[in-house]
Amino acid sequence: MPDPGEGLTEGEVVSWRVCPGETVKINDVLCEVETAKSIVELPSPFAGTVAKLCAAPGETVAVGKPLVTIDDGSDDQSDDEPEFLVGHVAAESRRQRRRRRRTVGPGSGSKPTRQDPPRMDRSEHILVKPPARRLAADLGIDVSQVRGTGPQGAVTRSDVKAAAEAGRSGAAEPLVTGVSGGDAELAGLSIMSRRLLGGAPTEPDGHTRRVPVHGVRKVTAAAMKDSLDTKALVTAFLTCDVTPTMDLVARLRADRGFKGLRVSPLTIWCKAVCLAMGRTPVVNARWDDAADQIVFRDQINLGIAAATPRGLMVPVVRNAQDMTMLELASEITRIVAIAKEDKLQPADYTGGTFSISNVGVFGLDAGTPVVNRTESAILVLGTIARRPWVIGTGADERVVPRWVTTMSLGFDHRLIDGEEGSTFLHDVAEILSDPASAMLY
């Protein structure tokens, strides 16, 4: 098992694209592996015949452990000859490795047996793109019963959706089993909740079910615990009138230049954050525990928290400080779409310097967020609702309905003082209450 680039210690085999006895070429996809926050395809570094699959779908394999054995029809390899991982092919020894039998991942150099190789179910090795496989699992579709229309007969998301609509998955098992009444009781829950709550009890009392922690949930838990253990977290709140921002959003949506883009209040918030950081750059800095230093960063890489089928993901909009409103809308549209389709790669969700989370989409007014462990602050956006608001002064003072929201700024008090945090939050609110004031920043 190689490290696909996230500094992993293990990965879970999602599905095999090959079976024992099949012939593979260099760079043929062997399997799909679920890492901490993405699903990646592992290619074969050499040609030959698949002799043995060393892990079953759903099994977690440590980085460096055997994953698959491939026989190229030559003699057994010598005991002192090094072995290689998928994706780690040394150019100077490619010719020699193709003439020998290899086990993908470190292990013994013994000759793998090919007697009575286990046969894999068709659903475990047919061509299915990771997003399509994930969607099929969410909808309870048996991919082996779906006719693929993609390249080389691959099953696509469209194929899965068509199968669900046509009801052509009669043999498919539901996403969660062992629940009285089938999926009906879980239909109103989120995808993640359906995955966790379904299934038969595992404890003797018959009412308790234990679920292994892995993937996104495991990484998120470790990150949140580390942040709480190391940061001096403080939360500040501010309620403001964002009616002018809502008017601006409406104008941008009607602008032909923004056609087809995801234009929402979040777009304006991102721009406001970048402008406000000009006066309080420490909000974009980080604390270096090892060096006992504060690291200031010129780049503003905004992490946009998104609820995806695999859990909480934070895709990153890089160099947001240099983007126009149109460029921000375009990049947010692109990165959020990738996250929703479960296509994020490590480069898409690493390197953030400041995060934004919109809990308003869930109907919440505010929250006390936990700051990402590599950052120093996070802005939480509450729901935007029509509320009574006092406007005018003196004799002109009156109460009128306005679009109002509450923002929460969570920050690390070790490097961000209350004055700096409050100034930043006030500046963001000022821009949202009067977008024309952005000209002053």
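Residues numbered from 1 in each chain as written. Predicted model: local features only at pLDDT ≥ 70, side-chain atom pairs only at ≥ 80, totals over all residues. Heavy atoms only, no water.

**Q** Looking at this structure, how should I read the sheet that holds strand E4 (residues 39-43)?
**A** Whether parallel or antiparallel, the strands of a sheet pair through hydrogen bonds between backbone atoms. As summarised here, the arrangement of the four strands in space is E4-E3-E1-E6, forming an open sheet in which the pairing is antiparallel. Two strands close off the open sheet at either side, each with one partner strand: E4 and strand E6 (60-62). Taken over all neighbouring pairs, the strand axes of this sheet differ in orientation by 40° on average, direction set aside. Sheet topology places strand E1 (residues 10-16) next to E6; three bridges connect them, and they run antiparallel. (Pairing = 2+ DSSP bridges. Helix = DSSP H or I, 4+ residues; strand = E, 2+ residues; numbered from the N terminus. Axes fitted to C-alpha atoms, helices over the stretch in contact; angles between N-to-C directions.)

**Q** I would appreciate a short explanation of the pattern of salt bridges in the present structure.
**A** Pairing between side chains of opposite charge can happen when their charged atoms approach one another. Considering all chains together, one arrives at 10 salt bridges under this definition. Residue Asp229 is joined to Lys225 by a salt bridge in which the shortest nitrogen-to-oxygen separation is 2.7 Å. Remark: Lys225 and Asp229 occur in helix H5 (residues 215-230); sequence separation between them is four residues, near one turn of the helix. Between Asp289 and Arg414 there is a salt bridge, and its shortest N-O distance comes to 3.0 Å. Of this pair, Asp289 sits in the loop between strand E10 (286-288) and strand E11 (293-295) while Arg414 sits in the loop between strand E19 (398-412) and helix H9 (418-433), and the two are 125 residues apart along the sequence. Among the charged side chains, a network of salt bridges with common partners joins Arg17, Glu32 and Glu41. (Salt bridge = Lys/Arg side-chain N within 4 Å of Asp/Glu carboxyl O.)

**Q** Looking at this model, I keep getting lost on the side chain of Thr353. Mind explaining?
**A** Counting through the fold element by element, Thr353 comes out in the loop between helix H8 (325-340) and strand E16 (354-358). Residue Thr353 is classed as buried on the basis of its relative accessible area of 3%. Within the structure, the side chain of Thr353 is placed 2.6 Å from the side chain of Asn284, a separation counted as a polar contact. With residues up to four places along the chain from it excluded, the contact list for Thr353 reads Val283, Asn284, Arg297, Gln299, Ile300, Asn301 and Glu375. (Buried < 20%, exposed > 50% of the residue type's maximum accessible area, 1.4 Å probe, protein only. Polar contact = N/O pair within 3.5 Å; in protein donor to acceptor, adjacent residues only side chain to side chain. Contact = heavy atoms within 4.5 Å.)

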